[in-house]
Amino acid sequence: VRTEKVAPQKRDVTPKNHRQLIWMICLMIFTIYLSYALWESILSVHMTNLGIPFRRYSEVWTINGLLIIVSQPIVALFNERFKIGTQIGLGITLFALSFLGLVFARQYVDFIIIMVVLTIGEVIGLPIAPAWVDDMAADDQRGKYQGRYNMALSLGRAVGPLFGGMMVAQFSYSLLFITVTILMLGSLALVLWRARREHLLNG
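Okay, so let's go over this structure. (Residues numbered from 1 in each chain as written. Predicted model: local features only at pLDDT ≥ 70, side-chain atom pairs only at ≥ 80, totals over all residues. Heavy atoms only, no water.)

1. Overview of the packing of aromatic side chains
Each aromatic ring pair is summarised here by two numbers: the centre-to-centre distance and the angle between the ring planes. All chains considered together, the criterion is met by eight aromatic pairs. Their ring planes at 75° and their centres at 5.4 Å tell us that tyrosine 36 and phenylalanine 95 sit as a pair that is edge-to-face. Of this pair, tyrosine 36 sits in helix 1 (residues 16-40) while phenylalanine 95 sits in helix 5 (residues 84-101), placing them 59 residues apart in sequence. Take phenylalanine 95: its relative accessible area is 1%, and that puts it in the buried class. Over the face of the ring belonging to tyrosine 108 we find arginine 56, whose NZ or CZ atom lies 4.9 Å from the ring centre. (Phe/Tyr/Trp six-rings, centres within 6.5 Å; stacked < 30°, edge-to-face > 60°. Helix = DSSP H or I, 4+ residues; strand = E, 2+ residues; numbered from the N terminus. Buried < 20%, exposed > 50% of the residue type's maximum accessible area, 1.4 Å probe, protein only. Lys NZ or Arg CZ within 6 Å of the ring centre and 35° of its normal.)

Pasting the structure below:
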(Lines give C-alpha, C1' and ligand atoms only; values in the text may rest on other atoms or scores of the structure.)
Protein backbone atom coordinates (compact mmCIF):
# COMPACT_ATOMS: atom_id res chain seq x y z
CA VAL A 1 0.00 0.00 0.00
CA ARG A 2 1.41 3.31 -1.04
CA THR A 3 1.32 6.01 1.63
CA GLU A 4 1.87 9.70 1.00
CA LYS A 5 4.13 11.61 3.29
CA VAL A 6 2.57 14.63 4.92
CA ALA A 7 4.91 17.58 5.01
CA PRO A 8 5.41 18.77 8.59
CA GLN A 9 3.99 22.18 9.36
CA LYS A 10 6.51 24.93 9.83
CA ARG A 11 6.84 26.07 13.40
CA ASP A 12 5.60 29.59 13.99
CA VAL A 13 8.60 31.49 15.30
CA THR A 14 6.70 34.78 15.62
CA PRO A 15 7.35 35.96 19.20
CA LYS A 16 4.47 35.33 21.59
CA ASN A 17 4.08 39.01 22.47
CA HIS A 18 3.86 39.83 18.74
CA ARG A 19 1.18 37.19 18.22
CA GLN A 20 -0.86 38.53 21.11
CA LEU A 21 -0.63 42.09 19.82
CA ILE A 22 -1.64 40.97 16.33
CA TRP A 23 -4.80 39.40 17.80
CA MET A 24 -5.55 42.69 19.58
CA ILE A 25 -5.08 44.58 16.30
CA CYS A 26 -7.50 42.14 14.66
CA LEU A 27 -10.04 42.88 17.40
CA MET A 28 -9.59 46.60 16.80
CA ILE A 29 -10.01 46.17 13.04
CA PHE A 30 -13.16 44.12 13.66
CA THR A 31 -14.72 46.97 15.68
CA ILE A 32 -13.64 49.56 13.08
CA TYR A 33 -15.17 47.76 10.10
CA LEU A 34 -18.25 46.79 12.10
CA SER A 35 -18.72 50.53 12.59
CA TYR A 36 -17.78 51.43 9.01
CA ALA A 37 -20.46 49.00 7.75
CA LEU A 38 -23.08 51.20 9.44
CA TRP A 39 -22.31 53.94 6.91
CA GLU A 40 -22.91 51.43 4.12
CA SER A 41 -26.18 50.14 5.59
CA ILE A 42 -28.30 52.02 8.13
CA LEU A 43 -26.93 55.56 7.69
CA SER A 44 -28.94 56.07 4.51
CA VAL A 45 -32.13 55.25 6.43
CA HIS A 46 -31.09 57.51 9.31
CA MET A 47 -30.43 60.43 6.97
CA THR A 48 -33.71 60.05 5.11
CA ASN A 49 -35.54 59.80 8.44
CA LEU A 50 -34.09 63.23 9.21
CA GLY A 51 -35.59 64.58 5.97
CA ILE A 52 -32.35 64.55 3.97
CA PRO A 53 -32.85 63.35 0.35
CA PHE A 54 -31.24 60.00 -0.52
CA ARG A 55 -29.13 61.58 -3.28
CA ARG A 56 -27.37 63.58 -0.56
CA TYR A 57 -26.28 60.32 1.03
CA SER A 58 -24.62 59.33 -2.26
CA GLU A 59 -22.88 62.71 -2.44
CA VAL A 60 -21.31 62.09 0.98
CA TRP A 61 -19.57 59.01 -0.45
CA THR A 62 -18.35 61.06 -3.41
CA ILE A 63 -16.70 63.42 -0.93
CA ASN A 64 -15.12 60.42 0.78
CA GLY A 65 -13.60 59.17 -2.48
CA LEU A 66 -12.29 62.57 -3.52
CA LEU A 67 -10.71 63.18 -0.11
CA ILE A 68 -8.93 59.82 -0.20
CA ILE A 69 -7.39 60.68 -3.59
CA VAL A 70 -6.45 64.27 -2.72
CA SER A 71 -4.97 63.40 0.68
CA GLN A 72 -2.48 60.77 -0.54
CA PRO A 73 0.57 63.11 -0.77
CA ILE A 74 -0.20 64.50 2.71
CA VAL A 75 -0.57 61.00 4.13
CA ALA A 76 2.73 59.91 2.57
CA LEU A 77 4.46 62.85 4.26
CA PHE A 78 2.74 62.02 7.53
CA ASN A 79 3.93 58.39 7.31
CA GLU A 80 7.55 59.51 6.87
CA ARG A 81 7.55 61.82 9.89
CA PHE A 82 5.52 60.00 12.53
CA LYS A 83 5.79 56.64 14.27
CA ILE A 84 3.26 53.85 13.91
CA GLY A 85 1.77 54.54 17.34
CA THR A 86 1.09 58.17 16.45
CA GLN A 87 -0.49 57.28 13.11
CA ILE A 88 -2.68 54.52 14.54
CA GLY A 89 -3.61 56.56 17.62
CA LEU A 90 -4.49 59.79 15.82
CA GLY A 91 -6.13 58.19 12.78
CA ILE A 92 -8.38 55.76 14.60
CA THR A 93 -9.27 58.29 17.32
CA LEU A 94 -10.51 60.68 14.61
CA PHE A 95 -12.32 57.81 12.90
CA ALA A 96 -14.04 56.76 16.14
CA LEU A 97 -14.97 60.28 17.24
CA SER A 98 -16.68 60.88 13.90
CA PHE A 99 -19.28 58.30 14.99
CA LEU A 100 -19.84 60.19 18.22
CA GLY A 101 -20.57 63.20 16.04
CA LEU A 102 -23.41 61.25 14.42
CA VAL A 103 -25.29 61.45 17.72
CA PHE A 104 -25.67 65.20 17.21
CA ALA A 105 -25.95 65.34 13.39
CA ARG A 106 -29.27 66.72 12.13
CA GLN A 107 -28.43 68.70 8.98
CA TYR A 108 -26.74 67.61 5.75
CA VAL A 109 -23.73 69.81 6.47
CA ASP A 110 -23.23 67.89 9.74
CA PHE A 111 -22.85 64.65 7.83
CA ILE A 112 -20.38 66.26 5.42
CA ILE A 113 -18.17 67.42 8.30
CA ILE A 114 -18.41 63.99 9.94
CA MET A 115 -17.44 62.24 6.70
CA VAL A 116 -14.44 64.56 6.29
CA VAL A 117 -13.24 63.73 9.82
CA LEU A 118 -13.89 60.01 9.26
CA THR A 119 -11.97 60.03 5.97
CA ILE A 120 -8.98 61.87 7.45
CA GLY A 121 -8.88 59.30 10.25
CA GLU A 122 -9.24 56.49 7.74
CA VAL A 123 -6.34 57.55 5.51
CA ILE A 124 -4.03 58.24 8.48
CA GLY A 125 -4.75 55.22 10.68
CA LEU A 126 -5.96 52.30 8.58
CA PRO A 127 -3.35 51.80 5.80
CA ILE A 128 -0.52 51.39 8.31
CA ALA A 129 -2.28 48.64 10.32
CA PRO A 130 -1.70 45.67 7.94
CA ALA A 131 1.90 46.81 7.41
CA TRP A 132 2.36 46.78 11.20
CA VAL A 133 1.02 43.22 11.38
CA ASP A 134 3.35 42.25 8.54
CA ASP A 135 6.36 43.70 10.35
CA MET A 136 5.62 41.76 13.55
CA ALA A 137 5.04 38.37 11.90
CA ALA A 138 7.86 35.94 11.12
CA ASP A 139 8.86 35.98 7.43
CA ASP A 140 7.25 32.62 6.63
CA GLN A 141 4.09 33.40 8.65
CA ARG A 142 3.12 36.75 7.16
CA GLY A 143 0.47 35.27 4.90
CA LYS A 144 -1.21 33.56 7.85
CA TYR A 145 -1.42 36.73 9.92
CA GLN A 146 -2.55 38.85 6.98
CA GLY A 147 -5.28 36.26 6.50
CA ARG A 148 -6.38 36.71 10.11
CA TYR A 149 -6.34 40.47 9.68
CA ASN A 150 -8.52 40.25 6.57
CA MET A 151 -10.81 37.75 8.30
CA ALA A 152 -11.38 40.24 11.14
CA LEU A 153 -12.05 43.00 8.59
CA SER A 154 -14.55 40.88 6.64
CA LEU A 155 -16.26 39.64 9.79
CA GLY A 156 -16.71 43.22 10.98
CA ARG A 157 -18.30 44.20 7.67
CA ALA A 158 -20.60 41.17 7.83
CA VAL A 159 -21.70 41.69 11.44
CA GLY A 160 -22.04 45.49 11.25
CA PRO A 161 -25.42 45.77 9.48
CA LEU A 162 -26.96 43.06 11.71
CA PHE A 163 -25.57 44.62 14.88
CA GLY A 164 -26.70 48.08 13.78
CA GLY A 165 -30.19 46.90 12.90
CA MET A 166 -30.63 45.11 16.22
CA MET A 167 -29.37 48.10 18.22
CA VAL A 168 -31.70 50.53 16.41
CA ALA A 169 -34.67 48.18 16.78
CA GLN A 170 -34.10 47.65 20.50
CA PHE A 171 -32.68 51.04 21.50
CA SER A 172 -31.85 54.03 19.27
CA TYR A 173 -29.45 55.41 16.68
CA SER A 174 -27.78 57.55 19.34
CA LEU A 175 -27.01 54.59 21.60
CA LEU A 176 -25.69 52.64 18.59
CA PHE A 177 -23.26 55.43 17.67
CA ILE A 178 -22.10 55.83 21.28
CA THR A 179 -21.61 52.06 21.59
CA VAL A 180 -19.45 51.69 18.49
CA THR A 181 -17.39 54.74 19.50
CA ILE A 182 -16.65 53.12 22.87
CA LEU A 183 -15.82 49.79 21.20
CA MET A 184 -13.34 51.40 18.81
CA LEU A 185 -11.66 53.64 21.38
CA GLY A 186 -11.51 50.78 23.90
CA SER A 187 -9.85 48.37 21.45
CA LEU A 188 -7.46 51.13 20.29
CA ALA A 189 -6.46 51.86 23.89
CA LEU A 190 -5.82 48.14 24.45
CA VAL A 191 -3.60 47.92 21.34
CA LEU A 192 -1.59 51.04 22.19
CA TRP A 193 -1.19 50.03 25.84
CA ARG A 194 0.11 46.58 24.90
CA ALA A 195 2.33 47.90 22.12
CA ARG A 196 3.87 50.51 24.41
CA ARG A 197 4.41 47.92 27.14
CA GLU A 198 6.18 45.59 24.69
CA HIS A 199 8.08 48.45 22.98
CA LEU A 200 6.49 47.66 19.62
CA LEU A 201 5.32 51.12 18.60
CA ASN A 202 8.31 52.07 16.46
CA GLY A 203 7.65 49.26 14.00
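2. Describing helix 7 (residues 128-136)
Listed as buried for helix 7 are Ile128, Ala129, Trp132, Val133 and Met136. Projected down its long axis, helix 7 carries its buried residues within an arc of 140°, all on one side. Packing partners of the buried residues in helix 7 comprise helix 1, helix 5, helix 6 (108-125), helix 8 (142-170) and helix 9 (173-197). (Arc of directions from axis to C-beta. Contact = heavy atoms within 4.5 Å.)

3. Describing the side chain of serine 44
Checked against the element boundaries, serine 44 lands in helix 2 (residues 43-49). Those residues in contact with serine 44 that sit more than four places away from it in its chain are Phe54 and Tyr57.

4. What about the nonpolar core?
Ranked by internal contacts, the top residues of the largest apolar core, which has 56 residues, are Ile25, Trp39, Ile88 and Trp132. Secondary-structure elements contributing two or more residues to this core are helix 1, helix 2, helix 3 (54-70), helix 5, helix 6, helix 7, helix 8 and helix 9. Broken down by element, this core gets its largest block of residues, 13 residues, from helix 1. If we skip the residues at most four places from it in the chain, isoleucine 25 touches Trp132, Val133, Met136, Tyr149 and Val191. (Core = buried A, V, L, I, M, F, W, Y, C linked by side-chain atoms within 4.5 Å.)

5. Examining the environment of methionine 24
Tracing the backbone shows methionine 24 in helix 1. Owing to a relative accessible area of 17%, methionine 24 belongs among the buried residues under this scheme. Along the chain, methionine 24 and leucine 190 lie 166 residues apart, while their C-alpha atoms are 7.3 Å from each other. Discounting chain neighbours no more than four positions away, the residues touching methionine 24 are Leu190, Val191 and Arg194.

Distances and angles like these do not, on their own, reveal function.
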